[in-house]
Amino acid sequence: MSDIVVIGGGIVGVSIAHELAKRGENVTLFEKRYIGSGSTFRCATGIRQQFGDEANIQVMKRSVELWKKYSEEYEFPFDQTGYLFLLYSEEEVEDFKKNIALQNKFGVPTRLITPEEAKEIAPLINIDEVIAASWNPTDGKADPFFAVTAFARKAKEYGAKIYEYTEVKDILVEKGEIKGVKTNRGFFKADIVVNAANAWAPLINIMAGIPIDIPIRPYKHQSIITQPIERGSIKPMVISFRHHDAYITQTHHGGVIGGIGLEYGPTYDLTPTYEYLKEVTKTLPQIVPALKNLRILRMWAGYYAKTPDSNPAIGRIEEIDQLYIAAGFSGHGFMMSPAVGEMIAELIIKGRTHLPIWWYDPYRFERGELREKAIQMG
Ligand SMILES: Cc1cc2nc3c(=O)[nH]c(=O)nc-3n(C[C@H](O)[C@H](O)[C@H](O)COP(=O)(O)OP(=O)(O)OC[C@H]3O[C@@H](n4cnc5c(N)ncnc54)[C@H](O)[C@@H]3O)c2cc1C
């Protein structure tokens, strides 16, 4: 049986290892630090199907089915508390009407609602200038810590080997065929390698000697969390493009998590900035005024591993037999991960997948066939 190596122990690598091990494959995952330590633990928990193109809508519909199934089976929190996009102009409403029609076509029950209905769903929001909202009650949020830990635990139960603090330093390729990986713990034989290193994926591509640049670049994104407040105070993920692409929701622990789209990069630096703190404290209370009275407990930064069209690169690398990539999630990799695990497992085992993986073709950049930009929010 083939030896499959997955590089990267974020939610994507762990989901891939889990799906492969579940199907009886022989899989080993290497993570240079600890499981979840990359972008995964820094993410804002959001899971949505409200995209503007057919592929992402279908993939996210499947992902939500899997979030539901696995959260029940493995007992970790996934709450379908919805996503609420607040709309402030006729132009925004027209755009969202198109997206909603497409989402409905694929069975995602998004609706355009009035500001008053939005206020009923999230009573703490300010609707003074809101003219409508896009609402899908089947979107939701999951706890990244519990999710990634549960998938890793299950992957191991199915027989996957997971090595933490094990960094892949090189990939041995002979005549276009993978022979193994060199790590700080020595050499491991491999027939198949999956690059799930997200922000570090370009470095893995260089190790494998792939002849094209798959343009994934790290951008610094920050987030804040407040002191805990009464649970259920802000149930959905609330989004406003009008306010610097802001997102706000309440975590499972009761704190309010939020952020804006002020980004820095490309950079591997992750130091939080004062400029961001000033901007975020000014912006978020315009959407939820009660935030003015809450203490910010922490702020932190993580990577959006971005591509030019904000869609990931998922698929086979043609020049090297049995090298796969699933990286460049551009700020929405947490939500996509269960479906990505399924796609890569099917691709390796059967050579194809029922989901529209072609949309994420790693060669589209080289060919100049960029996709419609994916909605890149929370
Ligand atoms: C502030 C913020 C908010 C976000 N909010 C959301 C959200 O609401 N919803 C959503 O879906 N997404 C969100 N995201 C994006 C989400 O966090 C990422 O898309 C997702 O975590 C990517 O998962 P991953 O497994 O691909 O990458 P990562 O979690 O970064 O995992 C990659 C792993 O590879 C490891 N690695 C790298 N190189 C090597 C090597 N040579 N050898 C071994 N291991 C290696 C790293 O240590 C790392 O753990 C947010 C991100 C940020 C920063």
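Since the structure is predicted, the reported quantities are computational estimates derived from the model, not experimental observations.

Rules used throughout
Residues numbered from 1 in each chain as written. Predicted model: local features only at pLDDT ≥ 70, side-chain atom pairs only at ≥ 80, totals over all residues. Heavy atoms only, no water. Patch = residues over 30% accessible without salt bridge, like charges linked within 9 Å, V, L, I, M, F, W, Y side chains within 5 Å. Areas by Shrake-Rupley, 256 points an atom, 1.4 Å probe, with all protein chains shown as cover. Salt bridge = Lys/Arg side-chain N within 4 Å of Asp/Glu carboxyl O. Helix = DSSP H or I, 4+ residues; strand = E, 2+ residues; numbered from the N terminus. Near = heavy atom within 4 Å. Polar contact = N/O pair within 3.5 Å; in protein donor to acceptor, adjacent residues only side chain to side chain. Nonpolar A, V, L, I, M, F, W, Y, C, P; charged D, E, K, R; others polar. Domains from an automatic or database assignment. Buried < 20%, exposed > 50% of the residue type's maximum accessible area, 1.4 Å probe, protein only. Pairing = 2+ DSSP bridges. 1 Å grid on protein atoms, 1.4 Å probe; cavity = no way out; pocket = protein on both sides within 12 Å on 5 of 7 lines; lining within 4 Å. Points joined across faces, edges and corners; volume = space filled by probe spheres on them. Buried area = accessible area lost by both parts, 1.4 Å probe. Core = buried A, V, L, I, M, F, W, Y, C linked by side-chain atoms within 4.5 Å. Contact = heavy atoms within 4.5 Å.

### A look at a nonpolar patch on the surface
Next up, step 1: Taken together, the side chains of Leu 203, Ile 206 and Tyr 268 present a nonpolar region at the surface, about 310 Å² in accessible area.
Next up, step 2: Residue position: Tyr 268 is located in the loop between strand 17 (256-259) and helix 7 (274-287).

### Comments concerning the site of the ligand
Next up, step 1: As a structural note, the neighbourhood of the ligand is formed by 39 residues, with Glu 31, Ser 39, Thr 40, Gly 333 and Met 335 the closest of them.
Next up, step 2: Between the ligand and Gly 331, the relevant distance is 3.2 Å, taken from a nitrogen atom to a main-chain nitrogen or oxygen of the residue.
Next up, step 3: For the ligand, an oxygen atom lies 3.1 Å from a polar atom in the backbone of Phe 334.
Next up, step 4: Of all the secondary-structure elements, those providing two or more residues to the shell around the ligand are helix 1 (11-22), strand 14 (217-226), strand 18 (296-306) and helix 8 (333-350).
Next up, step 5: The residue inventory of the shell around the ligand, partitioned by class, reads 17 nonpolar, 18 polar and four charged.
Next up, step 6: Residue contributions to the shell around the ligand reach at least three from each of two domains, namely domain 1 (4-43 + 145-215 + 309-359) and domain 2 (81-138 + 217-306).

### Here's the deal with the pairing of strand 14
Remark: a regular strand shows side chains that alternate across the two faces of the sheet.
Next up, step 1: Counting buried residues along strand 14, nine of its ten residues qualify, which places the element largely inside the surrounding structure.
Next up, step 2: Note: strand 14 against strand 18, ten bridges, orientation antiparallel. What sits directly across from Arg 217, in strand 18, is Lys 306.

### Structural notes on the layout of surface pockets
Next up, step 1: In this structure, the second largest pocket spans a volume of roughly 640 Å³.
Next up, step 2: Of all the secondary-structure elements, those providing two or more residues to the lining of the second largest pocket are strand 8 (140-142), helix 5 (144-157), strand 14 and strand 18.
Next up, step 3: Taken domain by domain, the makeup of the lining of the second largest pocket includes at least three residues from each of domain 1 (4-43 + 145-215 + 309-359) and domain 2 (81-138 + 217-306).

### Re the domain arrangement of the protein chain
Next up, step 1: Looking at the protein chain, the domain boundaries give domain 1 (4-43 + 145-215 + 309-359) and domain 2 (81-138 + 217-306).
Next up, step 2: The distance between the C-alpha centroids of domain 1 and domain 2 comes to 30 Å.
Next up, step 3: Taken together, the two surfaces of domain 1 and domain 2 that pack against each other cover about 1200 Å², and 55% of this comes from carbon and sulfur.
Next up, step 4: It is Arg 42, Ala 199 and Ser 330 that lose the most area in domain 1 upon contact with domain 2, and together they represent 40% of the buried surface on that side.
Next up, step 5: If you look at where domain 1 meets domain 2, you find one salt bridge.
Next up, step 6: The salt bridge partner of Arg 217 is Asp 213, with a shortest N-O separation of 2.7 Å.
Next up, step 7: Linking domain 1 to domain 2 there are seven residue pairs in polar contact (both at pLDDT 80 or more).

### Side note on the pattern of salt bridges
Next up, step 1: The final tally for this structure, using the stated rule, is 21 salt bridges.
Next up, step 2: For Lys 169, the salt bridge identified is with Glu 167, shortest N-O distance 3.7 Å.
Next up, step 3: Looking at Lys 169, the relative accessible area reads 48%, which means it is partly exposed.
Next up, step 4: A salt bridge links Arg 367 to Glu 369, with the nearest nitrogen and oxygen atoms 3.5 Å apart.
Next up, step 5: Accessibility expressed as a relative area gives 36% for Glu 369, which makes it partly exposed.
Next up, step 6: Sharing partners across several salt bridges, the network here consists of Asp 3, Lys 189 and Asp 191.

### Structural notes on the nonpolar core
Soluble, globular proteins show a tendency: their nonpolar side chains are buried together.
Next up, step 1: Of all hydrophobic cores here, the largest spans 73 residues; its most connected members are Ile 16, Ile 47, Trp 67, Ile 314 and Val 340.
Next up, step 2: Both domain 1 (4-43 + 145-215 + 309-359) and domain 2 (81-138 + 217-306) contribute no fewer than three residues apiece to this core.
Next up, step 3: Non-local contacts of Ile 16, meaning those with residues more than four positions away in its chain, are made with Val 6, Val 194, Ala 196, Ala 326, Val 340, Gly 341 and Ile 344.
Next up, step 4: Core analysis: the second largest hydrophobic core is formed by 28 residues, Phe 30, Ile 216, Tyr 303 and Leu 323 among them.

### Observations regarding the pairing of strand 20 (residues 323-327)
Next up, step 1: Of all the five residues making up strand 20, five are buried; the element is thus mostly covered by neighbouring parts of the structure.
Next up, step 2: Covered by surrounding structure in strand 20 are Leu 323, Ile 325 and Ala 327 together with Tyr 324 and Ala 326, the residues of both alternating faces.
Next up, step 3: In terms of strand pairing, strand 13 (residues 192-195) meets strand 20 through three bridges, oriented parallel. Bridge assignment links Asn 195 to a residue of strand 20, and that residue is Ile 325.
Next up, step 4: Sheet topology places strand 19 (residues 313-317) next to strand 20; five bridges connect them, and they run antiparallel. Of the residues in strand 20, the one forming a bridge with Ile 317 is Leu 323.
Next up, step 5: Between strand 19 and strand 20, which pair antiparallel in sequence order, lie five residues; one of them, Gln 322, sits at a positive phi of approximately 70 degrees.

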